[in-house]
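Commentary on secondary and tertiary structure
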Amino acid sequence: MSIQKVMVIGAGQMGSGIAQVCAQAGYDVIVNDVKQESLDKGLANITKNLNRNVEKGRMTEEEKEATVNRLTWTQAIEDASSVDIVIEAAVENMDIKKSIFKTLDQHAPAHAILATNTSSLPITEIAAVTSRPEKVIGMHFMNPVPVMKLVEIIRGLQTADEVYNSIEDMTKKLAKVPVEVNDFPGFVSNRVLMPMINEAIYTVYEGVATPEAVDEVMKLGMNHPMGPLTLADFIGLDTCLYIMETLHEGFGDDKYRPCPLLRKYVKAGWLGKKTGRGFYTYS
């Protein structure tokens, strides 16, 4: 099927990034969020990114204007009635996602694909609340979306081959690299990454080393571009905890048990860079 018009649900860091790359690729994009403040922030974020691209010679002023003009901003989820695909990038919470997909199922056209940017939740379970489970699929972008090339594409139990093929083609048009992954908790990226971050937190919790030392070992010894604790602060410690809980519940294996120090920081409101304090302090 041909995808011309896209709706992105959620105008936060991930949603605005997805909207940006879709608009840059020539798609008409409706960005939806329940809060006007989030829509305003999303537009400001995209404008800042595009201005940087113009300054660095990656795009012309005309291309920037064309990209901005392809974006429409709305608080009305009913506007899904005119799109070919919806990409949901709301908060990582199963109840919220199910509620959104039930509503989208009522308003999106019968042919429309419903995709979720979930980083760890089961696609099959989300699809089950709709009357079109064959048209529901996972489309997990990496953060920051405009920079990172990978998109994990996750089939639910009933996802149709033609839907997978359409999403694979769209991903390539976005100048991303699609990788097919099966529907297991955490998929590949977070099933491998989050236990590493959790183990790094345990080394701090047990007094093995400071956060600075752990990050230095992983950067210099393993050639990682940033240490796991810096990365955890960047992702958000609340998000790390939620994904570890999803892995722990999904597999029932204690090797995925979240570190108590991670829980303590989240309870303290130390969520990382976004709150100014995590394993490091941000001014």
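Calculation rules
- Residues numbered from 1 in each chain as written.
- Predicted model: local features only at pLDDT ≥ 70, side-chain atom pairs only at ≥ 80, totals over all residues.
- Heavy atoms only, no water.
- UniProt positions renumbered as here; feature names shortened; annotations may be inferred.
- Domains from an automatic or database assignment.
- Contact = heavy atoms within 4.5 Å.
- Buried area = accessible area lost by both parts, 1.4 Å probe.
- Salt bridge = Lys/Arg side-chain N within 4 Å of Asp/Glu carboxyl O.
- Polar contact = N/O pair within 3.5 Å; in protein donor to acceptor, adjacent residues only side chain to side chain.
- Nonpolar A, V, L, I, M, F, W, Y, C, P; charged D, E, K, R; others polar.
- Pairing = 2+ DSSP bridges.
- Helix = DSSP H or I, 4+ residues; strand = E, 2+ residues; numbered from the N terminus.
- Right-handed = clockwise from strand over helix to strand, strands pointing away.

An unreviewed UniProt entry lists the protein chain under the name 3-hydroxybutyryl-CoA dehydrogenase, with Sutcliffiella cohnii given as the organism. Its UniProt record gives the protein chain a comment under Sequence similarities (unreviewed entry), which states: "Belongs to the 3-hydroxyacyl-CoA dehydrogenase family." Comment text from UniProt for the protein chain, heading Pathway (unreviewed entry), reads "Lipid metabolism; butanoate metabolism."

What follows deals with the domain arrangement of the protein chain. According to the domain assignment, the protein chain consists of domain 1 (5-182) and domain 2 (189-273). Counting residues at the interface gives 11 residues for domain 1, matched by 6 residues for domain 2. Interface of domain 1 and domain 2: buried area, both sides summed, is about 650 Å²; carbon and sulfur atoms make up 54% of it. Of all residues in domain 1, the largest losses of buried area upon contact with domain 2 belong to Glu 92, Ser 119 and Ser 120, amounting jointly to 47% of the total for that side. Summed over the shared surface of domain 1 and domain 2, the result is 0 salt bridges. Counting every contact that joins domain 1 to domain 2 gives 2 residue pairs in polar contact (both at pLDDT 80 or more). Here the residues of the side of domain 1 that touches domain 2 are counted per class, giving 3 nonpolar, 6 polar and 2 charged.

This part takes up the pairing of strand β8 (residues 177-181). Within a regular strand, side chains alternate between the sheet's two faces. The pairing of strand β7 (residues 150-155) with β8 spans 5 bridges and is classified as parallel. Bridge pairing in β8 places Ile 154 opposite Val 181. With respect to chirality, the unit in which β7 leads through helix α6 (residues 161-173) into the neighbouring parallel β8 is right-handed.

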